[in-house]
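Survey of secondary and tertiary structure
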There are 2 protein chains.
Amino acid sequence: MIVSALLTSVGINLGLSVLFSALYSVLRKQPGNLKVYAPRLIAEGQSRQRGHFNIEDLLPSAGWVRKAWQLSEEDLYNSAGLDGVVFNRIFIFSLRVFAVAAIIGLFILLPVNFLGNQLREIDFSDLPNKSLDFFSISNVQDGSNWLWCHFSAAYLITGVACYLLYAEYKYISEKRITYFRVSKPQPHHFTILVRDIPVHGGRSLSETVETFFMEYHPSDYLSNTVVWRTSKLQGLITDAENLYRRLTHLKSRPRSLQNQSRSGFLGLFGKNVDLVGHYSKKLEDLEQNVRLQQSDVSSRGKEVPAAFVSFKSRYGAAKALYIRQSIDPTEWVTEQAPEPHDVYWPFFSTSFTQRWIFKLVILGASILLILLFLLVVAFVQGLTYLEQLEALLPFLREILKIAVVSQIVTGYLPSLILHLVAALVPPIMKLFSAMQGYIARSEIEKSACNKMLIFTICLLFFANVLSGTVTSLLAILLDPKSIPSKLAVAVPAQASFFIAYVVTSWTSLSWELNRTIPLIGDLMRRVCSRSNDDELQIPSIPYCSEIPRILLFGLLGFTYFLLAPLILPFIMVFFCIGYIIYRNQLLNVYQPKYDTGGRFWPIVHNSTIFALVLMQIISLGIFGLKKLPLASSLLLPLPVITLLFNDYCRRRFLPVFYDFSAETLIKKDREDLNDPSMGEFFDKLGTAYRDPALMPIRHLDSDDRSSPLLSSEV
Amino acid sequence: MIVSALLTSVGINLGLSVLFSALYSVLRKQPGNLKVYAPRLIAEGQSRQRGHFNIEDLLPSAGWVRKAWQLSEEDLYNSAGLDGVVFNRIFIFSLRVFAVAAIIGLFILLPVNFLGNQLREIDFSDLPNKSLDFFSISNVQDGSNWLWCHFSAAYLITGVACYLLYAEYKYISEKRITYFRVSKPQPHHFTILVRDIPVHGGRSLSETVETFFMEYHPSDYLSNTVVWRTSKLQGLITDAENLYRRLTHLKSRPRSLQNQSRSGFLGLFGKNVDLVGHYSKKLEDLEQNVRLQQSDVSSRGKEVPAAFVSFKSRYGAAKALYIRQSIDPTEWVTEQAPEPHDVYWPFFSTSFTQRWIFKLVILGASILLILLFLLVVAFVQGLTYLEQLEALLPFLREILKIAVVSQIVTGYLPSLILHLVAALVPPIMKLFSAMQGYIARSEIEKSACNKMLIFTICLLFFANVLSGTVTSLLAILLDPKSIPSKLAVAVPAQASFFIAYVVTSWTSLSWELNRTIPLIGDLMRRVCSRSNDDELQIPSIPYCSEIPRILLFGLLGFTYFLLAPLILPFIMVFFCIGYIIYRNQLLNVYQPKYDTGGRFWPIVHNSTIFALVLMQIISLGIFGLKKLPLASSLLLPLPVITLLFNDYCRRRFLPVFYDFSAETLIKKDREDLNDPSMGEFFDKLGTAYRDPALMPIRHLDSDDRSSPLLSSEV
């Protein structure tokens, strides 16, 4: 790619970003869009539903930017939980580290690269038509002493990154403890999940659990809630809920429209039917069926050998959690209970061995998925080499000769396809994680986040860098000795592609800001159903796709810091835009469905360490290629030091993210002793973990008692 | 190596083994040798010190074999602890699995190999001069369908080995639980070691510990013993003890000899001195110094931030052990306390960060050690290729032309050197492990055992197989794709060497039986000092060198099972001899100094799994070389299945080897409630973990009160 192509791309994307932002500031002021742009404000009753029309509503403004900028961390915690704070810290950390990197890169490395003469004599005349390679390390002469600048920069940036990583880890782990210390008593602090309960004939599961814990934890045990096999019941309840929603919607329409539909094909033929009455009857039947099934489940004992066991204190729960309960390690397996509404009921029935097998199957499936997507990447990569594409599809030759088209195809289209493809994967990864037997949505999200991260790095980075075919990727993995030198050749070659990718991603952030897909969905719904009173759906932020996406830019920043420092300002712009946009979205749009208490941070930390080591390995290869073997040897301690630093952090901070200490738990328990509301809390605790499928279903009872009357009226 | 050379070696070694055994049966009947051959029987007062001479004492007998054979596992447990039982189970497991292997190998694989004609036409005439290669897989024709025998054998032996491994793991984990259940209350069940105690100015460490545990474990906490920095004191005490021993020895000599020595050079010149008086005075001074230091240590507070904390129940200790105590994971670090006499005091002062650094330093040192020994192996290997040796040292040519010499040099000398070199490493590995900051001798032994295992496999197996140079070893490690094919070429080539090695090892077992080095040491001492009343030193079995040595033969058995089944009968003989000899030694010689409760078994299990996978990888390569790629592909699932099996075992059994369950602990605690002797036990518990260096020293007080008198007499 040449400079002018890059500038075209920057122009297009900057323009689009500004346009989308302006559009957003107008659209969000329209009362009809409030559901899309501020669902959580509506839910919290904070949004002013202005009745009168205002000309200002049609003018773009930047008030939302100021608001998002001024948001304090305390406010962010209150609206998005500690996970939201951690998500925000990713941007703060990245901005800090890449600010330093950009200063070094632009003011030291870039001039050194440009003034090198490996590629051609220095010539300032025809800048727009210069290849971006002139700004990369490729242009520095082999064996030049200027390369020691790059060498020092590698040490410097590693030092800065490690210092900032340490500070962030410390900051977030302290935040985690502080927020636990000031938290109200919550069911999941007092409860553990016991799985693989041995079933003895004759006694019910609940009795078995009660006997066991009364025997070994007599002073701490409070109650238990056995888990039932309710997948069939859950299906019925979902049906009933859909039907109820349809019925409500139908009844909200003008009376004359209520029974417009016909019973025949596509509602066009056949006789008019009494729709409301029909649905009411159907709903009544369905609910009768649900009640029958519910009593059936509890009486006939379709029990899963698992139970939520609650204790009288947090420390009591910790004792049962961290000390192996049974002689056989595959029985009475305990784990931390999630928050009650965080429990993922569908995949609850797996046993120790089943979970183990599922884990292995999922491992295989994930590898297959990656191989499948490698094919897609191979195609996308073809686009960056126009000659290959022309050879493949000769009829495109004429079109591709037009400068704009060729620049769009090389600079914009490949990244767009990658962005779209990458958007398909998160749901699949979440399904995989769910099948692995995690019991909480948050755990599934966290596991999917890890999978997505590996997927993103493998496919968006390595597959692009290493010419994208499965065989070449395997060949490199199986020949570890040559990794540095191969990477040193391949990574710089893709610098232009990734600069284009970063620039394109600005627009994709605007998509996020405009919530394009929900907006279109909402418009469609409004046009089709001509009504506006559906249930308000408040989304939660999909960490499992967002975090890896952002971390990828960190990876790109570190790996190209030495090779092509030109990428750094574009990455800085990405993080700046992202910082504002996500703060805005966390405040207005997303509502957290659970709070892991910052447990996403270790993923960020590990990914950054990986990026650092990757950068160092590539530098090793680069200095070798550039005929400066001394620098290559002197760089060897750097990855070792980085990994040691990581090991130290793992020991120093990671335990805090997995459990709370006896000290913390006992202090909290003692505070509660003087709290008069604890009695009430313990009363509620006994029923907190009831399967929602077994809750009484009350659609008809509550507000539809009159529906038979209504239908008879018509 | 040809068949006749092998037979020579078998003859020599079998002869030596029988000779040594006969020698042993005679020597052990001599009353003077009882200290060498039955120290633990003497210590337990079980040995009959027969006074009168008996002609039978000079005739070899096999009574000890019968006795060792008939020993029940219960007896073995009583005399050698669960670790002894586990050690014995290694032989039982190996005998079982190699019995099956030998049957398959000798009756199916060996005939198939011999009847192949890849190397030459079948010719039974000149058997003694045939190369051993005729009995190996090399002789089977490329692409022959007979290779499917080998293929089936690989699956069959993997199945048998896995079944037996599972059975053993189950058996030993059950034994571990059973023995804990019937055990008496022991201090280390009630005690934990707390390290990295935060020091606050003003308060003593003991007070800090007391305050902390009284705050968070008020109902369980019993007492604490702070660890002091006593390395200087320990040196003084060792000096005093040596001096005391010397004095006792001196006084036991006839009065006339007591002050024979002179004060001058080598005791030859100068005036006669009153030795007893001199030593008594010196000892008195030394003990005074020790007492001074002891009071100094406690008063001036040279405390290590570590303490043994005892609890009123096992479950109480478990609670403090398994739940992280402090908010900061690097403070109040808890670990299981070892048995009181198992504590390794010298390296006690390391902090969290120090231990971490030491661990890394040791890792580096271990790698250096391996590289150093590779040089030795490279030399040894030269011996098997006589031509190389002749070229190197031309003056040996004439000697090497003698058939016997050449056969001894190729068949016996290399293995002998390897055996000797391997004997030097365990003490170094133990020192390394001690420096890593383990607090128990048993832990050090276990860690050293792991290191020795890696060392043994790397050096005795891989270095021999892969031509022994560092660079070639690294080249193979860095090119994983070619590992199977390279191993498939290299491993069979060394079959003769390893057959010779196995055969030589029979003799080394006889060395163990005869306790050659302690015997010589004892003789030397008796000759030199002309006295027989030294302190009785009962050795403990050095698991860290013995277990890896035995496991190496398992590794050889598995890897050569398919390639050269001729090795199997020799390995069987090794295990049979070893089974008898080690049972005998465990009964008569060694006394356990600690009991890890069978925690050596996971090492054995992992090593066997490694051997199986290695065998499978080599087979992959062999079938590829032998032009039967279908078999090679069909073999691919086998290592995967084996590793899955290992993973399952790790989850199912391994936790049992690390901790006891709440169920077990609470049951034990409840039994103790009715035990009247527990009060006494708890009284003793408070002082069980006192540093021996701080115990009152009482040599003079007890039996040497009269020494000044004695010296004034002379």
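Residues numbered from 1 in each chain as written. Chains lettered and ligands numbered in written order. Predicted model: local features only at pLDDT ≥ 70, side-chain atom pairs only at ≥ 80, totals over all residues.

Basically, it comes down to this: UniProt positions are given in the numbering used here, feature names are shortened, and annotations may be inferred rather than shown by experiment.
An unreviewed UniProt entry lists chain A under the name CSC1-like protein HYP1, from Canna indica. Listed in UniProt under the heading Sequence similarities (unreviewed entry), the comment for chain A reads: "Belongs to the CSC1 (TC 1.A.17) family." As its UniProt record puts it under Subcellular location (unreviewed entry), chain A is described as follows: "Membrane".

Examining the overall build of chain A
Put simply, the rule is: Per the convention used, a helix needs a DSSP run of H or I reaching at least four residues, while a strand needs a run of E reaching at least two, with both numbered from the N terminus. Put plainly, a residue is buried at 20 or more neighbouring C-beta atoms within 10 Å of its own, exposed at 12 or fewer, and partly exposed in between, counting only other residues' C-beta atoms, which are placed from the backbone. Throughout, a pair of residues is in contact if the C-beta atoms placed from their backbones lie within 7 Å.
The helix and strand inventory of chain A stands at 31 helices and four strands. When burial is assessed residue by residue, chain A has 40% of its 714 residues classed as buried. Pairs at least 24 residues apart make up 83% of the contacts formed inside chain A by residues separated by at least 6 positions.

Description of the nonpolar core
The following threshold applies: Put simply, a nonpolar core is buried Ala, Val, Leu, Ile, Met, Phe, Trp, Tyr and Cys residues tied into one set by C-beta atoms within 7 Å.
If you look at the biggest cluster of nonpolar residues, it comprises 306 residues, and the most contacted ones within it are Val-502 and Ile-567 of chain A together with Val-502 and Ile-567 of chain B. The residues contacting Ile-567 of chain B, other than those within four sequence positions of it, are Ala-495, Phe-498, Ile-499, Val-502, Leu-556, Gly-557 and Tyr-560 of chain B. In terms of nonpolar packing, the next biggest core, distinct from the first, is built from eleven residues, Ile-237, Ala-240, Tyr-244 and Leu-283 of chain B among them.

A word on the UniProt feature "transmembrane region" (unreviewed entry) in chain A
All names here are of chain A. The UniProt feature table records "transmembrane region" (unreviewed entry) at residues 6-27, 90-110, 145-166, 356-379, 399-432, 453-478, 558-582 and 603-622. Split by type, residues 6-27 is 100% helix and 0% strand. Its first and last C-alpha atoms lie 31 Å apart. Summarising residues 558-582: 88% helix, 0% strand, and an end-to-end C-alpha distance of 22 Å.

Focus on helix H23 (residues 567-588) of chain A
Think of an α-helix as 3.6 residues a turn; residues three or four steps apart then line up on the same face. Short version of the rule: Here the expected span of a helix is defined as 1.5 Å times the quantity of residues minus one.
Taking 1.5 Å of rise per residue, the 22 residues of H23 of chain A would be expected to cover 32 Å, and the 32 Å separating its terminal C-alpha atoms lies within 8% of that figure. With 17 of its 22 residues buried, H23 of chain A lies for the most part within the structure.

Examining the packing of helix H22 (residues 543-563) of chain B against helix H23 (residues 567-588) of chain B
All names here are of chain B. Just so we agree on the cut-off: Interaxial angle, 0 to 180 degrees, is taken between N-to-C directions of lines fitted to C-alpha atoms, where a helix line uses only the stretch in contact. Working rule for angles: under 35 degrees goes down as roughly parallel, over 145 as roughly antiparallel, 65 to 115 as roughly perpendicular, anything else as oblique. In this scheme the handedness of a crossing depends on how the near helix is turned from the far one: anticlockwise by less than a right angle means left-handed, clockwise means right-handed.
At a minimum axis distance of 10 Å, the contact between H22 and H23 shows a crossing angle of 160°. Taken as axis vectors, H22 and H23 run roughly antiparallel relative to one another. For the element pair H22 and H23, the recorded crossing hand is left-handed. On H23, the residues touching Ile-550, Phe-553, Leu-556, Gly-557, Tyr-560 and Phe-561 of H22 are Ile-567, Leu-568, Ile-571, Phe-574 and Gly-578.

Here's the deal with the interface of chain B and chain A
Selection rule: For this classification, Asp, Glu, Lys and Arg are treated as charged, while Ala, Val, Leu, Ile, Met, Phe, Trp, Tyr, Cys and Pro are nonpolar and the rest, including Gly, are polar.
Of the residues lining the interface, 30 residues belong to chain B; the matching set on chain A comes to 30 residues. Elements that contribute at least two residues to the side of chain B that touches chain A include exactly helix H11 (314-322), helix H12 (352-384), helix H26 (637-652), helix H27 (654-658) and helix H28 (662-673) of chain B. Looking at the side of chain B that touches chain A residue by residue, the classes come out as 17 nonpolar, five polar and eight charged.

Side note on the confidence of the model for chain A
Residues and elements named next belong to chain A. Filter applied, for reference: One confidence number per residue, pLDDT, is output by the predictor and ranges from 0 to 100.
The share of residues in chain A with pLDDT of 70 or more is 84%, and the mean pLDDT across the chain is 81. Looking over chain A, one finds the lowest element-wise mean pLDDT in helix H31 (residues 707-713), namely 38, and the highest in helix H6 (residues 147-181), namely 93. Contacts of residues 262-267 to residues separated by more than four positions or lying in other chains number twelve contacts, the stretch itself having pLDDT below 50. Considering only residues more than four positions removed or in separate chains, one finds that residues 701-714, a stretch of pLDDT under 50, has 13 contacts. Interface confidence for the predicted complex, expressed as ipTM, amounts to 0.80; the pTM equals 0.83.

Structural notes on the relation of the copies chain B and chain A
Using the following cut-off: Here the copies are matched by least squares. The fit uses the C-alpha atoms of residues with pLDDT of at least 70 in both.
Once chain B is rotated about the relating axis by 180° and shifted along it by 0.1 Å, it coincides with chain A to within an RMSD of 0.1 Å. This pairing of chains is accounted for by a two-fold axis. Rotation axis and chain B: the residue whose C-alpha lies nearest the axis is Asp-479 of chain B, separated from it by 2.5 Å. An overlap of 100% is found between the interface residues of chain B and their copies at the interface of chain A, pointing to a shared contact surface.

Comments concerning helix H5 (residues 73-115) of chain A
As a reminder, the rule being used: Each residue is assigned a bend, namely the angle between axes fitted to the seven residues that terminate at it and the seven residues that start at it.
Compared with the 63 Å implied by 1.5 Å per residue over 43 residues, the 44 Å span of H5 of chain A between its first and last C-alpha is markedly short. Maximal helix bending in H5 of chain A amounts to about 125°, located at Ala-80 of chain A.

Here we look at the sheet that holds strand E2 (residues 221-228) of chain B
Residues and elements named next belong to chain B. Inclusion rule: Should DSSP find at least two bridges between two strands, the strands are taken to pair.
The four strands are arranged E2-E3-E1-E4 in an open sheet whose pairing can be described as antiparallel. The outermost strands of the open sheet, each flanked by one partner alone, are E2 and strand E4 (333-336). Averaged over neighbouring strand pairs, the angle between their axes works out to 30° when direction is ignored. Two strands pair when backbone bridges link them, and strand E1 (residues 191-195) and strand E3 (residues 303-311) are joined in this way by four bridges, in the antiparallel orientation. Across the sheet, residue Leu-193 finds its bridge partner in E3, namely Phe-308.

Topic: the sheet that holds strand E1 (residues 191-195) of chain A
Residues and elements named next belong to chain A. Ordered in space as E2-E3-E1-E4, the four strands form an open sheet in which the pairing is antiparallel. At either end of the open sheet lies a strand with only one pairing partner, and these are strand E2 (221-228) and strand E4 (333-336). On average, each strand axis in the sheet is tilted by 30° relative to the strand beside it, whichever way the strands run. Where helix H8 (residues 205-216) meets the sheet, it contacts E1, E2 and strand E3 (303-311), and its direction lies at approximately 150° from that of E2.

Re the domain arrangement of chain A
Residue and element names in this part refer to chain A. Worth spelling out the cut-off: Residue ranges assigned to the domains are those given by an automatic or database domain assignment.
Domain boundaries assigned for chain A yield domain 1 (3-184 + 354-666) and domain 2 (187-349 + 667-713). The set of elements that each furnish at least two residues to the side of domain 1 that touches domain 2 consists of helix H16 (413-435), helix H17 (441-465) and helix H28 (662-673). The greatest single-element share of the side of domain 1 that touches domain 2, amounting to five residues, is contributed by H28. Partitioned by chemical class, the residues of the side of domain 1 that touches domain 2 number ten nonpolar, four polar and five charged.

A word on unusual backbone geometry
Residue and element names in this part refer to chain A. The phi torsion at Asp-196 lies on the positive side, around 55°, for a residue other than glycine. Mapped onto the elements of the fold, Asp-196 is located in the loop between E1 and H8. The phi angle at Lys-627 is positive, at roughly 60°, despite the residue not being glycine. Mapped onto the elements, Lys-627 comes out in the loop between helix H24 (601-625) and helix H25 (629-635). Given 13 C-beta atoms within 10 Å, Lys-627 falls into the partly exposed group.

What about the environment of Val-26 of chain B?
Residue and element names in this part refer to chain B. Mapped onto the fold, Val-26 is located in helix H1 (residues 3-27). A tally of 16 C-beta atoms within 10 Å means that Val-26 is categorised as partly exposed. Between the C-alpha atom of Val-26 and that of Pro-637, which follows or precedes it by 611 residues, the distance is 54 Å. With near-sequence residues (within four places) excluded, Val-26 lies in contact with Leu-58 and Pro-60.

Side note on the environment of Leu-371 of chain B
Residue and element names in this part refer to chain B. Checked against the element boundaries, Leu-371 lands in helix H12. Accessibility expressed as a C-beta count within 10 Å gives 12 for Leu-371, which makes it exposed. In sequence terms Leu-371 and Tyr-169 are 202 residues apart; their C-alpha atoms lie 34 Å from each other.

As for the packing of helix H4 (residues 63-70) of chain B against H23 of chain B
Residues and elements named next belong to chain B. Packing of H4 against H23 leaves a shortest axis separation of 9 Å and a crossing angle of 85°. Taken together, the axes of H4 and H23 lie roughly perpendicular to each other. Two secondary-structure elements touch here, H4 through Trp-64, Val-65, Ala-68 and Trp-69 and H23 through Ile-580, Arg-583, Asn-584 and Leu-587. Partitioned by chemical class, the residues of the contact of H4 with H23 number six nonpolar, one polar and one charged.

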